[in-house]
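Take a look at the letters that make up each chain.
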Amino acid sequence: MSTTRGLEGVVATTSSVSSIIDGVLTYHGFNIDDLADHASFEEVIFLLWNGRLPNEAELNQLTEDLASYAEVPQGVIDQMKMYDIEKVHPMAALRTAISNLGLYDSEADDQSEEANKRKALKLQAQVQTIVTAFSRIREGKEPVAPRKDLGFAANFLYMLNGEEPDDISVNAFNKALVLHADHELNASTFTARVCVATLSDMYSGVTAAIGALKGPLHGGANERVMAMLMEIGEVDNVEPYITNALNNKVKIMGFGHRVYKDGDPRAKHLREMSKQLTSITGETKWYEMSIKIDDIVTREKGLLPNVDFYSASVYHSLGIKHDLFTPIFAISRMSGWIAHILEQFSNNRLIRPRAEYIGPDKQVYVPMDQR
Ligand SMILES: CC(=O)SCCNC(=O)CCNC(=O)[C@H](O)C(C)(C)COP(=O)(O)OP(=O)(O)OC[C@H]1O[C@@H](n2cnc3c(N)ncnc32)[C@H](O)[C@@H]1OP(=O)(O)O
Ligand SMILES: O=C([O-])CC(=O)C(=O)O
């Protein structure tokens, strides 16, 4: 038996949802640059789930369906109100609330194509209602009900803040959702596929995926990027801080990637958004610090920024609380997880690799009184 640490380079399945070939990311063959510049997140959801772009009627139908499913059962909201809200991280709350949602869905274990499609819509619609409701509950405010006349990105900002967002914020948030939606066999997507390959249900698959995304080596990095920027504080502090961290072999959050070695194609979009949004808020230092960190880490380590690096200053500029950055990633990646779960169901086989045993051999059992 031969092993590859962290399964690096191992091709574990076929998929037609998204691809990374020669550093180019596509969703069903559509280049991420085109989608980031032109597509709404709803169009991307349709594309990921159906393998083609929607026509106008199909897009309107999806938008309507998402709006009509967006309200979550009161029991899920009531349970969130019972948490030790000051101490609970929103990713942990989201993981539990999504699992809880399954308890209220009479179709949770119905594996028919129709039921799975309905569950997909419910999960995609309700994930952002949960994140925004949690955020408001811990601020002592009542959750805001989703509005049927607003698109997905606008509804998130509306439910979060209780007021209609401006177009610049909606467009920026939409682009961030498009950029994070899917990414081949990343750790959380793989987790989701392993889970449902036992023929477990969709709620279990996405709950497992949220658990995997939460870690700082994956989606949890974006919150830590902002924590690092806050700790550095000023542009002049960047050089000594980063040099010291690198000398001490501290990992710089938001840099490096298992697949991209010549750069993440999404980072340039987020860098540009960071530049624009920080110039609007007047807090250009977050962008300037980010650029400087990028220069030093690239120069000293040859590591390039991944999708998490510039998204931190983008979300900060949109006025979003830092511990909501990873839940926002989950809202977007929900679309990719569901696409992969549906693909797994369509051609399922249990995922069960082997481990090379490296433990001791021929051990002799010693009775308790002789140990
Ligand atoms: C959405 C996403 O999930 S994108 C990734 C988000 N995660 C992060 O940004 C966290 C920081 N980055 C990392 O930890 C890594 O680059 C990962 C997890 C993304 C990829 O990891 P791997 O492919 O396993 O690379 P690995 O961790 O083995 O790194 C290889 C070498 O580069 C170094 N390295 C990798 N990333 C970094 C980093 N961000 N800062 C400093 N050094 C790094 C490692 O220390 C290691 O050095 P060594 O060979 O001297 O021990
Ligand atoms: O693909 C990966 O390893 C990490 C990931 O989810 C992404 O970059 O979007």
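Residues numbered from 1 in each chain as written. Chains lettered and ligands numbered in written order. Predicted model: local features only at pLDDT ≥ 70, side-chain atom pairs only at ≥ 80, totals over all residues. Heavy atoms only, no water.

As named in an unreviewed UniProt entry, the protein is Citrate synthase, taken from Anaerobacillus arseniciselenatis. UniProt, in its Catalytic activity (unreviewed entry) section for the protein, records the words "oxaloacetate + acetyl-CoA + H2O = citrate + CoA + H(+)". Its UniProt record gives the protein the following Sequence similarities (unreviewed entry) comment, quoted word for word: "Belongs to the citrate synthase family." (UniProt positions renumbered as here; feature names shortened; annotations may be inferred.)

A. Spotlight on the nonpolar core. Formed by 109 residues in total, the largest nonpolar core has its most connected members in Ile-98, Phe-173, Ile-242, Ile-293 and Ile-320. In terms of residue count, the dominant contributor to this core is helix H16 (residues 325-346) (eleven residues). Counting contributing residues per domain, this core is built from domain 1 (16-201 + 329-346) and domain 2 (221-317), each supplying no fewer than three. The residues touching Phe-173, leaving out its near neighbours within four places in the chain, are Ala-153, Phe-156, Leu-157, Tyr-315, Leu-318, Ile-320 and Ile-328. (Core = buried A, V, L, I, M, F, W, Y, C linked by side-chain atoms within 4.5 Å. Buried < 20%, exposed > 50% of the residue type's maximum accessible area, 1.4 Å probe, protein only. Helix = DSSP H or I, 4+ residues; strand = E, 2+ residues; numbered from the N terminus. Domains from an automatic or database assignment. Contact = heavy atoms within 4.5 Å.)

B. Up close: the packing of aromatic side chains. Evaluation of the coordinates by the stated rule reveals five aromatic pairs. Note on Phe-41 and Phe-152: the rings are 5.2 Å apart at their centroids and 55° apart in plane angle, and the pair reads as tilted. Here Phe-152 lies in helix H7 (residues 152-161) and Phe-41 lies in helix H2 (residues 41-50), a separation of 111 residues in the sequence. Arranged with centres 4.9 Å apart and planes meeting at 80°, the rings of Phe-309 and Tyr-310 form a pair that is edge-to-face. (Phe/Tyr/Trp six-rings, centres within 6.5 Å; stacked < 30°, edge-to-face > 60°.)

C. Broad picture of the site of ligand 1. Around ligand 1, the structure places 19 residues, and the nearest of them are His-218, Lys-251, Ile-252, Gly-254 and Arg-258. Between ligand 1 and the protein, one listed contact pairs a nitrogen atom with a backbone N or O atom of Ile-252 at 2.7 Å. A distance of 2.8 Å is found between an oxygen atom of ligand 1 and a backbone nitrogen or oxygen belonging to Gly-254. Here ligand 1 loses 67% of its free accessible area of 910 Å² to cover by the protein chains. Within the shell around ligand 1, the residues separate by chemical class into ten nonpolar, five polar and four charged. (Near = heavy atom within 4 Å. Polar contact = N/O pair within 3.5 Å; in protein donor to acceptor, adjacent residues only side chain to side chain. Areas by Shrake-Rupley, 256 points an atom, 1.4 Å probe, with all protein chains shown as cover. Nonpolar A, V, L, I, M, F, W, Y, C, P; charged D, E, K, R; others polar.)

D. Spatial organisation of the domain arrangement of the protein. Segmenting the protein into domains produces domain 1 (16-201 + 329-346) and domain 2 (221-317). Taken together, the contacts link 18 residues of domain 1 with 17 residues of domain 2. Taken together, both faces of the contact between domain 1 and domain 2 bury some 1,400 Å²; the carbon and sulfur share is 67%. At the junction of domain 1 and domain 2, the tally comes to one salt bridge. Between Asp-33 and Lys-268 there is a salt bridge, and its shortest N-O distance comes to 3.0 Å. Counting every contact that joins domain 1 to domain 2 gives five residue pairs in polar contact (both at pLDDT 80 or more). Elements with a minimum of two residues in the side of domain 1 that touches domain 2: helix H1 (32-38), helix H8 (167-180) and H16. Looking at the side of domain 1 that touches domain 2 element by element, the count peaks at seven residues for H8. (Buried area = accessible area lost by both parts, 1.4 Å probe. Salt bridge = Lys/Arg side-chain N within 4 Å of Asp/Glu carboxyl O.)

E. Molecular detail of helix H11 (residues 221-232). Given a rise of 1.5 Å per residue, twelve residues ought to cover 16 Å, and the 16 Å separating the end C-alpha atoms of H11 matches this to within 8%. Taken residue by residue, H11 has Ala-221, Asn-222, Val-225, Met-226, Met-228, Leu-229 and Ile-232 as its buried positions. For H11, the angular spread of the buried residues around the axis is 155°, confining them to a single face. Of the surrounding elements, those touching the buried residues of H11 are helix H12 (238-247), helix H14 (285-301), helix H15 (307-317) and H16. Just past H11, the residue Gly-233 takes up positive phi, approximately 85°. (Expected span 1.5 Å × (residues − 1). Arc of directions from axis to C-beta.)

F. Fine view of the pairing of strand S2 (residues 24-27). Pairing of strand S1 (residues 18-21) with S2 involves four bridges; the strand directions are antiparallel. Within S2, the residue paired with Ile-20 across the bridge is Leu-25. Here S1 folds back onto S2 in antiparallel fashion, the turn holding two residues, of which Asp-22 has a positive phi close to 50°. Pairing of S2 with strand S3 (residues 30-31) involves two bridges; the strand directions are antiparallel. The partner of Thr-26 across the bridge, within S3, is Asn-31. Counted along the chain from S2 to the antiparallel partner S3, the turn is two residues long, and its residue His-28 has a positive phi close to 50°. (Pairing = 2+ DSSP bridges.)

G. Quick peek at the packing of H2 against H8. Look at H2 against H8: their axes get within 9 Å of each other, and the N-to-C directions meet at 20°. Put simply, H2 runs roughly parallel to H8. Here H2 runs over H8; the crossing is left-handed. Residue-level contacts link Phe-41, Glu-42 and Val-44 of H2 to Asn-174, Leu-177 and Val-178 of H8. Grouping the amino acids of the contact of H2 with H8 by side-chain chemistry returns four nonpolar, one polar and one charged. (Axes fitted to C-alpha atoms, helices over the stretch in contact; angles between N-to-C directions. Parallel < 35°, antiparallel > 145°, perpendicular 65-115°, else oblique. Left-handed = near helix turned anticlockwise from the far one by under 90°.)

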